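As a plain string of letters, each chain reads:
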There are 2 protein chains.
Amino acid sequence: MRSPYGLQIIENCATCPHKEDRLFCNLAPAALQRLTEITGSATYPKGATLFVEGQPARGVFILCSGHVKLSTSASDGKTLILRISEPGDLLGLPATISGRAYEVTADVIEPTQANFISRTDFLNFLRDHGEAAVRVAQELSETYQSAFAEMRTIGLSHSAGEKLARFILDWGANHKSENGSVKFKLTLTHEEIAQMIGASRETVTRVFADFKKKNLLQIKGSSVTIKSQSGLERLVQGS
Amino acid sequence: MRSPYGLQIIENCATCPHKEDRLFCNLAPAALQRLTEITGSATYPKGATLFVEGQPARGVFILCSGHVKLSTSASDGKTLILRISEPGDLLGLPATISGRAYEVTADVIEPTQANFISRTDFLNFLRDHGEAAVRVAQELSETYQSAFAEMRTIGLSHSAGEKLARFILDWGANHKSENGSVKFKLTLTHEEIAQMIGASRETVTRVFADFKKKNLLQIKGSSVTIKSQSGLERLVQGS
DNA sequence: ACGTAATCGTGACCTGGGTCACGGAATTGC
DNA sequence: GCAATTCCGTGACCCAGGTCACGATTACGT
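Since this is a predicted model, take the numbers as computed values, not measurements. (Residues numbered from 1 in each chain as written. Chains lettered and ligands numbered in written order. Predicted model: local features only at pLDDT ≥ 70, side-chain atom pairs only at ≥ 80, totals over all residues. Heavy atoms only, no water.)

Side note on the protein's contact with DNA strand C
Then comes step 1: The immediate surroundings of DNA strand C are formed by 14 residues, with A:Ala160, A:Ser200, A:Thr203, B:His190 and B:Arg201 found nearest.
Then comes step 2: Within 4 Å of the protein, the contacting atoms of DNA strand C are 50% sugar and phosphate, with bases supplying the remainder.
Then comes step 3: Contacts to DNA strand C include B:Arg201, whose side-chain N or O atom sits 2.8 Å from a base nitrogen.
Then comes step 4: Breaking the surface near DNA strand C down by element, the ones donating at least two residues are α7 (201-213) of chain A together with α6 (190-197) and α7 (201-213) of chain B.
Then comes step 5: When residues of the surface near DNA strand C are assigned to their parent elements, the largest contribution, four residues, is made by α7(B).
Then comes step 6: Classifying every residue of the surface near DNA strand C by side-chain character gives two nonpolar, six polar and six charged. (Near = heavy atom within 4 Å. Polar contact = N/O pair within 3.5 Å; in protein donor to acceptor, adjacent residues only side chain to side chain. Helix = DSSP H or I, 4+ residues; strand = E, 2+ residues; numbered from the N terminus. Nonpolar A, V, L, I, M, F, W, Y, C, P; charged D, E, K, R; others polar.)

Details of the layout of surface pockets
Residues and elements named next belong to chain A.
Then comes step 1: Taken as a whole, the second largest pocket encloses approximately 1200 Å³ of empty space.
Then comes step 2: Taken together, 37 residues form the lining of the second largest pocket, with Leu82, Arg83, Ser146, Ala147 and Glu150 sitting closest to its centre.
Then comes step 3: Per-element accounting of the lining of the second largest pocket gives the leading share, nine residues, to helix α4 (residues 130-155).
Then comes step 4: Considering only residue class, the lining of the second largest pocket consists of 18 nonpolar, seven polar and twelve charged. (1 Å grid on protein atoms, 1.4 Å probe; cavity = no way out; pocket = protein on both sides within 12 Å on 5 of 7 lines; lining within 4 Å. Points joined across faces, edges and corners; volume = space filled by probe spheres on them.)

Structural notes on the protein's contact with DNA strand D
Then comes step 1: As a structural note, the neighbourhood of DNA strand D is formed by 13 residues, with A:His190, A:Arg201, B:Ala160, B:Ser200 and B:Thr203 the closest of them.
Then comes step 2: Here, DNA strand D places atoms within 4 Å of the protein, and 45% of those atoms are sugar or phosphate.
Then comes step 3: Interatomic distance of 2.8 Å between a side-chain N/O atom of A:Arg201 and a base nitrogen of DNA strand D.
Then comes step 4: Contacts to DNA strand D include B:Ser200, whose backbone N or O atom sits 2.9 Å from a phosphate oxygen.

Focus on the interface of chain B and chain A
Interface size is commonly expressed as the accessible area that is lost once the parts come together.
Then comes step 1: With 44 residues of chain B in contact, the opposing surface of chain A contributes 44 residues.
Then comes step 2: Summed over both sides, the interface of chain B with chain A buries roughly 3900 Å², with 68% coming from carbon and sulfur.
Then comes step 3: If you sort the residues of chain B by the area they bury against chain A, B:Tyr144, B:Gln145 and B:Met151 come out on top, with a joint share of 18%.
Then comes step 4: At the boundary of chain B with chain A, the tally comes to eight residue pairs in polar contact (both at pLDDT 80 or more).
Then comes step 5: Breaking the side of chain B that touches chain A down by element, the ones donating at least two residues are β4 (68-73), β5 (79-85), α2 (93-98), α3 (119-128) and α4 (130-155) of chain B.
Then comes step 6: Broken down by element, the side of chain B that touches chain A gets its largest block of residues, 20 residues, from α4(B).
Then comes step 7: Grouping the amino acids of the side of chain B that touches chain A by side-chain chemistry returns 20 nonpolar, 15 polar and nine charged. (Contact = heavy atoms within 4.5 Å. Buried area = accessible area lost by both parts, 1.4 Å probe.)

Okay, structure coming up:
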């Protein structure tokens, strides 16, 4: 079965590749059963928007495949990208739980399949299954702590070079490729990277050029190779 | 009964003035009973530290009275103050739930009474009382969303003036005093304010002077009066 | 009250990086 | 495979605000 966007559909959670390592795995069978009953699945093309910052929370999305960009933007149009979500992530959790508005905007950046659970269904489910509620609290705590780490690197304003180095190291760690050497595809535009580290597009270009000149990185098209992990790490720690 | 620091001690949660509006109020009596069993109380002098960023989480603190400063700091010594906690707040919740290290440092800035619940006791309590777990998830979500709002104002770097204006409006909103006009005590040093908005001490001084000159504020010692709410609000919204 | 330490006020200076303005390279769409 | 768009690279300019330096004030301990 294929979606309109050439996306392989994952039939249900039992066969989902993220079954093992994610939030609601080893719950009691009854809980799992209930969960599948209240879950609806859908696919989205690149460019679709799951929800928008400020919109009242409708419910949570569980990312099955594809990538989604979470961002927030100021009145003057400036945008800050907070995270690129991976399959297995829950989107819109804090807003759904607290009942406030979504605090970020979620844009699909590549064809994506996601499950949806409405707010009321989800809250009832949690109330009936304490174990799941604790799991959710844990997930929230972790989200909080990473958002927080993010915030530190932006807030305690390091230089643009430091922030970019940190970003590359993080990205490399999550997108390790095969052969041992740290080489990966960086599918974001300079503009997007700029928005992730809180800098301008031009600065990103310049710092990349600088890193290349200093032999910290090698860049060919969208593929990046880290030539000197230690060099980047040295940049990250203050001074 | 008085503590060594001249602090009025609150005997137990039943008589606590925050009983009504806080996290674990209208729980089932059994849950409340269990909660008091696992809660220990203590008082702390100004300057004491409840926990330090990076330390493994021991448990949560419930602030009964006094104020606690939550901050994080970078290797180069720069500090970012995230929040001044008020009585009724839970401190160290995300770290305690997730089992990771405390993500902030909590320093007592005025004599304080706080209750403590150890991590294992707390987790067991949550598992046994699903309703409380949902409550905790809500609290986490809200903490997350405010931290997040904080992050936006710092990250989408507005000018120092904008950030200070926003800070003053927020502070004023939470510390409204009597007579209708917005006048309040600002018990923080310029240094601390600087750390809250991510600026240097001198800049804070200068912007304050500027606001005073523009008749937005009136400052006498540590008491601040907002002369033109609308003027400040105009500064806040971009451009 | 008095000395010490912490805070505040202000000027001079300097720089990181934002902004503007292009032209060239690379994708994308038809 | 050609046009249109989007992205990348780079120079010129500039300014908000960080840093340093130092003196004036205020708060605090004993």
